4 protein chains.
Amino acid sequence: MAFSPEVEQAIAEVRRDVAALHAELVRYGLVVWTGGNVSGRVPGADLFVIKPSGVPYDALAAEDMILCDLDGNVVAGSPGSHRSPSSDTAAHAYVYRHMPHIGGVVHTHSTYACAWAARNEEIPCVLTAMADEFGGPIPVGPFAIIGDDSIGRGIVETLSGHRSRAVLMANHGPFTIGKDARDAVKAAVMVEDVARSVHVARELGPLVPIPQEAVDRLFDRYQNVYGQSTDTRLASPTE
Amino acid sequence: MAFSPEVEQAIAEVRRDVAALHAELVRYGLVVWTGGNVSGRVPGADLFVIKPSGVPYDALAAEDMILCDLDGNVVAGSPGSHRSPSSDTAAHAYVYRHMPHIGGVVHTHSTYACAWAARNEEIPCVLTAMADEFGGPIPVGPFAIIGDDSIGRGIVETLSGHRSRAVLMANHGPFTIGKDARDAVKAAVMVEDVARSVHVARELGPLVPIPQEAVDRLFDRYQNVYGQSTDTRLASPTE
Amino acid sequence: MAFSPEVEQAIAEVRRDVAALHAELVRYGLVVWTGGNVSGRVPGADLFVIKPSGVPYDALAAEDMILCDLDGNVVAGSPGSHRSPSSDTAAHAYVYRHMPHIGGVVHTHSTYACAWAARNEEIPCVLTAMADEFGGPIPVGPFAIIGDDSIGRGIVETLSGHRSRAVLMANHGPFTIGKDARDAVKAAVMVEDVARSVHVARELGPLVPIPQEAVDRLFDRYQNVYGQSTDTRLASPTE
Amino acid sequence: MAFSPEVEQAIAEVRRDVAALHAELVRYGLVVWTGGNVSGRVPGADLFVIKPSGVPYDALAAEDMILCDLDGNVVAGSPGSHRSPSSDTAAHAYVYRHMPHIGGVVHTHSTYACAWAARNEEIPCVLTAMADEFGGPIPVGPFAIIGDDSIGRGIVETLSGHRSRAVLMANHGPFTIGKDARDAVKAAVMVEDVARSVHVARELGPLVPIPQEAVDRLFDRYQNVYGQSTDTRLASPTE
C-alpha cells in the first residue's frame, strides 16, 4: 500500500509522537510491564498508529509502532507490521470511526482510576483542577470484555456529548480521548491525578462539593482563555 | 524598559533560581504535566519572575521565565515576554503587592494537601516537624476561583499574622510563601510531607496532640537557633 | 563438577537472565535493601540459578548468581559458590522438584501483597487485568516458617491445579512461579499491581464482582490468543 | 587536636561511609529537603561523625561530615568544623555515651513510621520480615523535645534490653541504632517498610498475629544463621 508524500510525512510524525508519548505513561507511573497503550490518528488519512502488543517500554521506537486502518487492520508491509498491534486496537479503531474530531486514544490500568472502576463509581468533582480539565465528574462506562466492539462502543456512548475526555470502564480501567495523542495522554495523567487526590480526600471524611456555577465557569475559562495558543488542548495549558 | 545594571543583575539571579527551583517540585512529586508554579521577587525592584504557562518541566531555562510588574503585567520586550505567564500570575502579584516581606510564592496541586483542601479541613499539628516548620496547624483559605483578585486576597488574608507559610485554598490546593523563592519551595515540600504523614496517621485512629507550650517552644527555637546562618529560612536548616 | 557444553551454555544464559531480572524488582519498587530473590531453572539439567544472600541490588552480575542442584545444594566450584545462596533457596528448590513445568520462582515482600498476607485474605478478582493474568482470586498459602520444607510445600500445595501463578504466604508475602524466570517476575509485578488497586478500591466501599463466566473467557483468551508468539507466557503479551 | 594515624584512618573511613549512606535515605524516600541524619562511631576512639545541619543531600561529601566528641562537641579544626552539626547531634551523642556496643544512629521523618508515632502506637509484629529484623513489635518512646538530653534518654531507655533497633519517638519519628552506621540505616529502611505494610494491612480489617514461639525462632535464626558472614548485622543478610 502506497500513500502520498503528504500522508507518508504525517504517518512519520504520528509514529514519532506516539512512540515518545509512551514514556509519559512510565514517567507518571500509569503502567507496569507492557501494559497500557497510546494511539494517534494520522491527519488527512483513514489511518492511526498504535503500540505493538507485549513489547517493553524501554524498547519502543517510532518504527515499532503499528499502522492500522480504521477497522483496526494492520497495513500490510508497513514498518512494524510483522508484529501484532495492541490487544486494545479494536477499541481504539471504534473510537476513531465514530468520533471524527478525536485524534488520540489512551488506555492504562493506573491504580486509583482502576479503584474507582472496580467500584463502578464516578469520581465527583471537588477540585478546581478537575473542573478545569474535565468540566465535572469522570463517568463510569459499562462492563465490557474484549473480543468484539463492546469496549469501543462503551467509550463512545459514555463520552459522546460529555465534557470529560476520560471514562472509567467498569472493572477495567480508564480510557481517555483527545484532540491528538498528546492531549489524550495528558487526560490519562490528569485522570489518575484527580482519582488519587479525591480518593485520599474521601478516606477521612465527607467532601465539600464545588457549586455547579463555579464548575461551569472554570471549565469554560480553561477551554477558552488559558495557555500559549488559542487551541488550549493542543497547547496543554494547565498550570 | 531599561533597568539599572544592579537590577538587571538581580533579575538574572532570580530568573536562574526560579527556573532551577521548579526541578524541586518534580523531584518531590508535587506536580504533574505542566501544573504548578514558582515565582520570586526581584530584590530592590517592583518586579517578580514567574514560570510561563503550559511549558513542560523538562524545558524550563532561565530565559524562559517571565518578568512581571507587581500588577502582574509582563514587562514588554524582556526575555520570555512572547509567552503567557502562569495562569496564577494575578494571585502571585497580589501577594507581592500586599506582603512586602515576602520574596517567593509557590503553588502546586500536591496530592495530600489537595485532599485536606477538598474537605476544607486544616491539618492539625501532631508532629514536631510541623511545629518546627509551621508553628501550628496549616490553615484553610476561602473558596475562590480564578478571574479576579479573590485567590490572592484569600492567601493574604489567611496568612497575614499567621505562623504558617502555607495555606490550603478550599477545593483547590496549597499556596506557600517565603522569604525568597527557595524558602517558599521548601514550604511547598514540607506542607505535602506533613499533609501525607498526618493523613496516614489519622487513617487508623485518633491523633495525639502536641501540647501548645511545646509547639511554641519548637517553633521559636527553629526560627532562631538552628541552621548554618542566623537567617534560618534562607539556610533551610531543618534536619 | 563438569557439564556438557550445551548445559554450560544454558547455565550462562540463565545466569544472565536471572541477574538482569532482579533490576525489575527494583524498578517496580517490590524490594528494599537486599530483600527479594529471583531464580531460574536451567533447561535440560537438574539445576537452577539463584541470587546470593545479602548482596546489594546495585552489585548483581551474572557471575555472582549461584548455581544449585534441585535439593538446593550449591554446586561446588561454580562461579559465586563462595557465597551463600538466598535464604529462600530451599523453598525454590522444593518448587523445582515438585513442579517440573515451572522454570522460574520469585519472592518479594512487596507492600500491598504483604498487607493481604498479614490478614490471611485472598485478593478477590474484580479487575479484568486480574482475570487475564491470574484467572481469578490470588490465594493465601499456609503460615510456614523457614528452616524446613514447609514454605516450599505450602507454595506447591496451594498453586498445584490453580490458575494463579501467585500465592500470598500467610504473614509472609508473595511467591510467584512461571514458565521461566521472566514469567515469574512478571507475575510478581502484576500481583503487587492488583493487590494495590484492589486494596485502594475497597478502602472506599464495596467492590463489584466480575461474573465468573467473564473471568473464564478473559483468562482463556489471554492464555491462547494475545501476544507476539503462540507461547503467551514467554512473550509477556499483556497490553 | 591531633589523633594517631590509626584513628585518623578510622575517621576517614567513617566519614566516607556516613556521607555515602545518606544516599540510601534518599533512595528509599525516607527524607525530604535536608531532613534526616546518619552518624557513625569511630572505632577505637571517643568520637563520632555526623551530617552537617541544613545541607542538601546532593552535596554531601566525606569532608563535609562533622567530627564530634561523645558530648556532641565539634572537634575544633577538623574538616567541616566551620559548619553546625545536625540539630539532633545531642541525641546521637547521648546514645553513643550510654550504649557502648552501638556504632551507628539514624533519624528520619519517614511517612509511615511518623504516622504510628503521631498516634503513639507501637507497630505490631504480623510479618515474618519484622520478626526476623526486629524480633517483635516496634516500641514507642516518650514525647521529648529538642533542647536537652530528653530525646537521647528516651531512645536509650526504650531500646536498652529490647530486641528492636528502632524506636518511634512520640509525635516525632523513628530513631534507629545499629552495630555501625550501615546497620542503623538498614534498620531505618526496614522500619519504614514494615510500618507501611502493617499500616496498609490494618486499613482493611483485623491483622492475624504471629505466634510468639514463631517470632522467637525467626529472630534467633536471623541473628545467627543467615548472611554471608557470621556477623549478620554487618553483612546485612536479609533476603
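Criteria and thresholds
- Residues numbered from 1 in each chain as written.
- Chains lettered and ligands numbered in written order.
- Predicted model: local features only at pLDDT ≥ 70, side-chain atom pairs only at ≥ 80, totals over all residues.
- Heavy atoms only, no water.
- Helix = DSSP H or I, 4+ residues; strand = E, 2+ residues; numbered from the N terminus.
- Rg over C-alpha atoms; globule rule 2.2 N^0.38 Å.
- Buried < 20%, exposed > 50% of the residue type's maximum accessible area, 1.4 Å probe, protein only.
- Least-squares fit on C-alpha atoms with pLDDT ≥ 70 in both.
- Contact = heavy atoms within 4.5 Å.
- Polar contact = N/O pair within 3.5 Å; in protein donor to acceptor, adjacent residues only side chain to side chain.
- Buried area = accessible area lost by both parts, 1.4 Å probe.
- Salt bridge = Lys/Arg side-chain N within 4 Å of Asp/Glu carboxyl O.
- pLDDT = per-residue confidence, 0-100.
- Pairing = 2+ DSSP bridges.
- Axes fitted to C-alpha atoms, helices over the stretch in contact; angles between N-to-C directions.
- UniProt positions renumbered as here; feature names shortened; annotations may be inferred.
- Parallel < 35°, antiparallel > 145°, perpendicular 65-115°, else oblique.
- Left-handed = near helix turned anticlockwise from the far one by under 90°.
- Nonpolar A, V, L, I, M, F, W, Y, C, P; charged D, E, K, R; others polar.

Enquirer: Which residues make up the overall build of chain A, and what values go with them?
Expert: Scanning chain A from N- to C-terminus turns up eight helices and seven strands. What you see for chain A is a C-alpha radius of gyration of 17 Å, in line with the 18 Å of a compact globule of 239 residues. Projected onto the principal axes, the alpha-carbon positions of chain A cover approximately 55 × 35 × 30 Å. Looking at chain A as a whole, 64% of its 239 residues are labelled buried.

Enquirer: Residue-level account of the relation of the copies chain B and chain A, with values.
Expert: Rotating chain B by 90° about the axis while translating it 0.0 Å along that axis superimposes it on chain A, leaving an RMSD of 0.0 Å. On this basis, the relationship between the two copies can be described by a four-fold rotation axis. Minimal C-alpha separation from the rotation axis in chain B is found for B:Glu203, amounting to 5.2 Å. Take the interface residues of chain B: only 3% of them recur as interface residues in chain A, which is what a contact between different surfaces looks like.

Enquirer: Mind laying out the environment of A:Pro209, listing which residues take part and the relevant values?
Expert: Summarising the element assignment, A:Pro209 is placed in the loop between helix 6 (181–203) and helix 7 (212–224). Distance from A:Pro209 to A:Cys125, taken between C-alpha atoms, is 6.9 Å for residues 84 residues apart in sequence.

Enquirer: Account for the side chain of C:Thr89, naming residues and giving values.
Expert: All names here are of chain C. You can see Thr89 is positioned in helix 2 (residues 89–98). Residue class for Thr89 comes out buried when judged on its relative accessible area of 4%. For Thr89, the side chain forms a polar contact with the main-chain oxygen of Ser86, separated by 2.5 Å. Beyond its immediate chain neighbours, meaning those up to four positions away, Thr89 contacts Phe48, Ile50, Cys68 and Gly72.

Enquirer: Go over the interface of chain B and chain A, please, and point to the residues and values.
Expert: On the side of chain A, 37 residues touch chain B, which itself brings 36 residues to the contact. Summing both partners gives a buried area of about 3200 Å² for chain B against chain A, and 57% of it is carried by carbon and sulfur. When the area that chain B buries against chain A is broken down by residue, the three leading residues are B:Val32, B:Trp33 and B:Asn171, summing to 25%. Our count for the contact surface shared by chain B and chain A stands at one salt bridge. Of the charged contacts in the structure, one is a salt bridge between B:Asp58 and A:Arg27, with a shortest N-O distance of 2.8 Å. At the boundary of chain B with chain A, the tally comes to ten residue pairs in polar contact (both at pLDDT 80 or more). Looking at the side of chain B that touches chain A, the elements with two or more residues in it are helix 3 (111–118) and helix 6 (181–203) of chain B. Considering every element that reaches the side of chain B that touches chain A, the biggest residue donor is helix 3 of chain B, with six residues.

Enquirer: Can you explain the confidence of the model for chain A? Please cite residues and give values.
Expert: On average, residues of chain A carry a pLDDT of 93, and 93% of them reach 70 or more. Here the predicted complex carries an ipTM of 0.93, next to a pTM of 0.95.

Enquirer: Break down the sheet that holds strand 4 (residues 104–107) of chain B for me, citing the residues and quoting the values.
Expert: Strand pairing within a sheet occurs via backbone hydrogen bonds; the two strands may be parallel or antiparallel. All names here are of chain B. The sheet built from seven strands is open, its strands ordered 3-2-1-4-7-6-5 with mixed pairing. Two strands lie at the open edges of the sheet, namely strand 3 (66–69) and strand 5 (140–141), each paired on one side alone. The pairing of strand 1 (residues 37–41) with strand 2 (residues 47–50) spans three bridges and is classified as antiparallel. Directly across from Gly40, in strand 2, lies its bridge partner Val49. Where helix 1 (residues 5–27) meets the sheet, its contacts fall on strand 1, strand 2, strand 3 and strand 4, and the angle it forms with strand 1 comes to roughly 155°. Helix 6 contacts strand 1, strand 4, strand 6 (166–169) and strand 7 (173–178) of the sheet and is inclined by roughly 145° relative to strand 7.

Enquirer: Explain helix 3 (residues 111–118) of chain C to me, and be specific about the residues and the numbers.
Expert: Taking burial as the measure, the eight residues of helix 3 of chain C include eight buried ones, the bulk of the element. When helix 3 of chain C is considered as a whole, its buried residues turn out to be C:Thr111, C:Tyr112, C:Ala113, C:Cys114, C:Ala115, C:Trp116, C:Ala117 and C:Ala118. Buried residues in helix 3 of chain C make contact with strand 6 (166–169), strand 7 (173–178) and helix 6 (181–203) of chain C together with helix 6 (181–203) of chain D. Residue C:Asn120 follows helix 3 of chain C closely and has a positive phi angle near 55°.

Enquirer: With reference to specific residues and values, describe the sheet that holds strand 4 (residues 104–107) of chain C.
Expert: Residue and element names in this part refer to chain C. Across the sheet, which stays open at both edges, the seven strands sit in the order 3-2-1-4-7-6-5 with mixed pairing between neighbours. Looking at the sheet topology across the chains shown, the edges are occupied by strand 3 (66–69) and strand 5 (140–141). Inspection of the sheet shows strand 6 paired to strand 7 by four bridges, in the antiparallel sense. The residue of strand 7 that forms the bridge with Met169 is Gly173. Sitting on the sheet, helix 1 (residues 5–27) touches strand 1 (37–41), strand 2 (47–50), strand 3 and strand 4, and the angle it makes with strand 1 is about 155°.

Enquirer: I'd like to hear about the UniProt feature "domain: Class II aldolase/adducin N-terminal" (unreviewed entry) in chain A, residue by residue, with values.
Expert: Look at the UniProt record and you will see "domain: Class II aldolase/adducin N-terminal" (unreviewed entry) annotated at residues 16–199 of chain A. Strand forms 16% of residues 16–199 of chain A and helix 36%; the C-alpha atoms that close the span are 35 Å apart.

Enquirer: Can you break down the packing of helix 6 of chain B against helix 3 (residues 111–118) of chain D residue by residue, with the values?
Expert: Helix 3 of chain D packs onto helix 6 of chain B with a crossing angle of 55° between their chain directions and a minimal axis gap of 8 Å. One element, helix 6 of chain B, and the other, helix 3 of chain D, form an angle in the oblique class. Read as a crossing pair, helix 6 of chain B and helix 3 of chain D show a hand that is right-handed. Note on element contacts: helix 3 of chain D touches helix 6 of chain B through D:Thr111, D:Tyr112, D:Cys114, D:Ala115 and D:Ala118, opposite B:Asp193, B:Arg196, B:Ser197, B:Val200 and B:Ala201. Residues belonging to the contact of helix 6 of chain B with helix 3 of chain D are distributed by class as follows: six nonpolar, two polar and two charged.

Enquirer: So what's going on with the pairing of strand 2 (residues 47–50) of chain D? Which residues, and what values?
Expert: Looking along a regular strand, one sees the side chains alternate between the two faces of the sheet. All names here are of chain D. Here strand 2 shows no split at all, with Leu47 and Val49 on one side and Phe48 and Ile50 on the other all buried. The hairpin turn running from strand 1 (residues 37–41) into strand 2, its antiparallel successor, is five residues long, and Gly44 in that turn takes a positive phi close to 80°. Sheet analysis places strand 2 next to strand 3 (residues 66–69), joined by four bridges and oriented antiparallel. Across the sheet, Phe48 pairs through a bridge with Cys68, a residue of strand 3.

Enquirer: Any chance you could break down unusual backbone geometry for me, citing the residues and the numbers?
Expert: Residues and elements named next belong to chain C. Backbone geometry places Trp33, a non-glycine residue, at a positive phi of 50°. On the secondary structure map, Trp33 appears in the loop between helix 1 and strand 1. Given the relative accessible area of 6%, Trp33 is considered buried.

Enquirer: Please give an account of the packing of helix 2 (residues 89–98) of chain B against helix 5 (residues 150–159) of chain B that cites residues and values.
Expert: Residues and elements named next belong to chain B. Across the interface, helix 2 lies against helix 5 with an axial gap of 7 Å and an inter-helix angle of 45°. By the angle between their axes, helix 2 is oblique relative to helix 5. The hand of the helix 2/helix 5 crossing is right-handed. Within the contact between the two elements, helix 2 uses Ala91, Tyr94, Val95 and His98 and helix 5 uses Ile151, Gly152, Arg153, Ile155 and Val156. Looking at the contact of helix 2 with helix 5, its residues break down into six nonpolar, two polar and one charged.

Enquirer: Got a sec to walk through the pattern of salt bridges? Specific residues and values, please.
Expert: With the rule as written, the count across this model stands at 52 salt bridges over all chains. In this structure, the salt-bridge partner of A:Asp71 is A:Arg97, at a minimum N-O distance of 3.9 Å. Here A:Asp71, found in the loop between strand 3 (66–69) and helix 2 (89–98), pairs with A:Arg97, found in helix 2; they are 26 residues apart in sequence, far enough to count as distant. One salt bridge connects C:Arg165 with C:Glu133, and the closest N-O pair in it is separated by 3.0 Å. Of this pair, C:Arg165 sits in the loop between helix 5 (150–159) and strand 6 while C:Glu133 sits in helix 4 (residues 128–134); the two residues are 32 residues apart in sequence, bridging distant segments of the chain. Bridged by salt links that share partners, the residues A:Glu133, A:Arg165, A:Asp183 and A:Lys186 form one connected network.

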